[in-house]
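Observations on chain architecture
What follows is the residue order along each chain.
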Amino acid sequence: MLEYWIVVTIGVIVVICALCITYLYADNQELRLVRSRYQLKVYEELLHAVTDLNVAGSDGYKLDMGKRRLAQTLNRLNLVASREVLKGVNELLDFLNETPTGNYDVLRQTNILNTIVKAARKDLDPDSAKDLEDMSFRFRFYAPPRG
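For clarity, every value in this text was computed on a predicted model and none was experimentally measured.

Calculation criteria
Residue indices follow the written sequence of each chain, beginning from 1 at its first position. For a predicted model such as this one, the threshold for reporting local features is a pLDDT of at least 70, and the threshold for listing and counting side-chain atom pairs is 80 or more; totals across whole chains, interfaces and linings nevertheless cover every residue. Hydrogens are left out, water is left out, and the side-chain values use all remaining heavy atoms of the structure. Definition of nonpolar core: a set of buried residues of the types Ala, Val, Leu, Ile, Met, Phe, Trp, Tyr and Cys, connected through side-chain atoms within 4.5 Å. Exposure categories follow from relative accessible area, calculated using a 1.4 Å probe and restricted to protein chains: below 20% of the type maximum is buried, above 50% is exposed, and the middle band is partly exposed. A helix here means a DSSP run of H or I that spans at least four residues, while a strand means a run of E at least two residues long, and both kinds are numbered starting from the N terminus. With axes taken as lines fitted to C-alpha atoms, and helix axes fitted only over the stretch in contact, angles between N-to-C directions fall between 0 and 180 degrees. The scheme is simple: roughly parallel for angles under 35 degrees, roughly antiparallel for over 145, roughly perpendicular for 65 to 115, oblique for anything else. Left-handed describes a crossing whose near helix is turned anticlockwise from the far helix by less than a right angle; the clockwise case is right-handed. Any two residues whose heavy atoms approach within 4.5 Å at even a single point are treated as in contact. All residues other than Ala, Val, Leu, Ile, Met, Phe, Trp, Tyr, Cys, Pro, Asp, Glu, Lys and Arg, Gly among them, are scored as polar; the first ten of these are nonpolar and the last four charged. Each reported salt bridge corresponds to a side-chain nitrogen of Lys or Arg within 4 Å of a carboxyl oxygen of Asp or Glu.

Grouped together as the largest cluster of nonpolar side chains are 23 residues, with contacts concentrated most on Leu70, Leu77, Val85, Val89, Leu92, Leu96 and Ile116. Per element, the largest residue contribution to this core is seven residues, and it comes from helix 1 (residues 2–56).

Dropping the structure here:
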């Protein structure tokens, strides 16, 4: 009779431990999903801010609003981005600061943005990023001609 209670007690403990481990794993996955969703939103905002700068052209008001949007996005980006993304963003900021009027080399900007997007994709979905990297895929960005 004593052996029966020991087996039952051990079985209950094993079931409780399995449930706890399952709960912790599910909670960890949910937290990772929330972080990825927020990172995606911030990365998307960064690209929207760069597009606003590109579209602004010589319009001073639109250029100022694009710079403001970029600054606000950078505040969030500094909190959630990976090291590779932050390095790319620093390179982008240096590039944008070289020519504050907005008459800069579109090809160089595209190369910098490709670096940022590849690093962001590695953060969000490493498998997909690896596939695109193997293909030497280049992303395109909207940059209207300067006039």
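Continuing now.
Let us look at the packing of helix 1 against helix 2 (residues 60–80). Interhelical geometry of helix 1 versus helix 2 gives an angle of 160 degrees and a closest axis separation of 8 Å. Considering the angle they form, helix 1 stands roughly antiparallel to helix 2. Seen from above, helix 1 lies across helix 2 with left-handed handedness. Along the contact surface, helix 1 presents Tyr38, Gln39, Val42, Tyr43, Glu45, Leu46, His48, Ala49, Asp52, Leu53 and Ala56, while helix 2 presents Lys62, Leu63, Gly66, Lys67, Arg69, Leu70, Thr73, Arg76, Leu77 and Val80. In terms of residue class, the contact of helix 1 with helix 2 is built from eleven nonpolar, four polar and six charged.

Further remarks concern the pattern of salt bridges. Scanning all chains against the criterion turns up three salt bridges. Two residues, Arg69 and Glu45, come together in a salt bridge whose shortest N-O distance is 3.3 Å. Of the two residues, Arg69 sits in helix 2 while Glu45 sits in helix 1, which places them 24 residues apart along the sequence. When the shortest N-O distance is used, the salt bridge between Arg108 and Glu98 registers 2.9 Å. Here Arg108 is found in helix 4 (residues 106–124), whereas its partner Glu98 is found in helix 3 (residues 83–98), with ten residues between them in sequence. In this structure Arg108 comes out as partly exposed when scored by relative accessible area, which is 34%.

Within the secondary structure, Leu113 is located in helix 4. Counting along the chain gives 28 residues from Leu113 to Val85, while the straight-line C-alpha distance between them is 9.9 Å. When residues no more than four places from it in sequence are discounted, the contact partners of Leu113 are Leu47, Val50, Leu92 and Phe141.

By themselves these figures say nothing about function.
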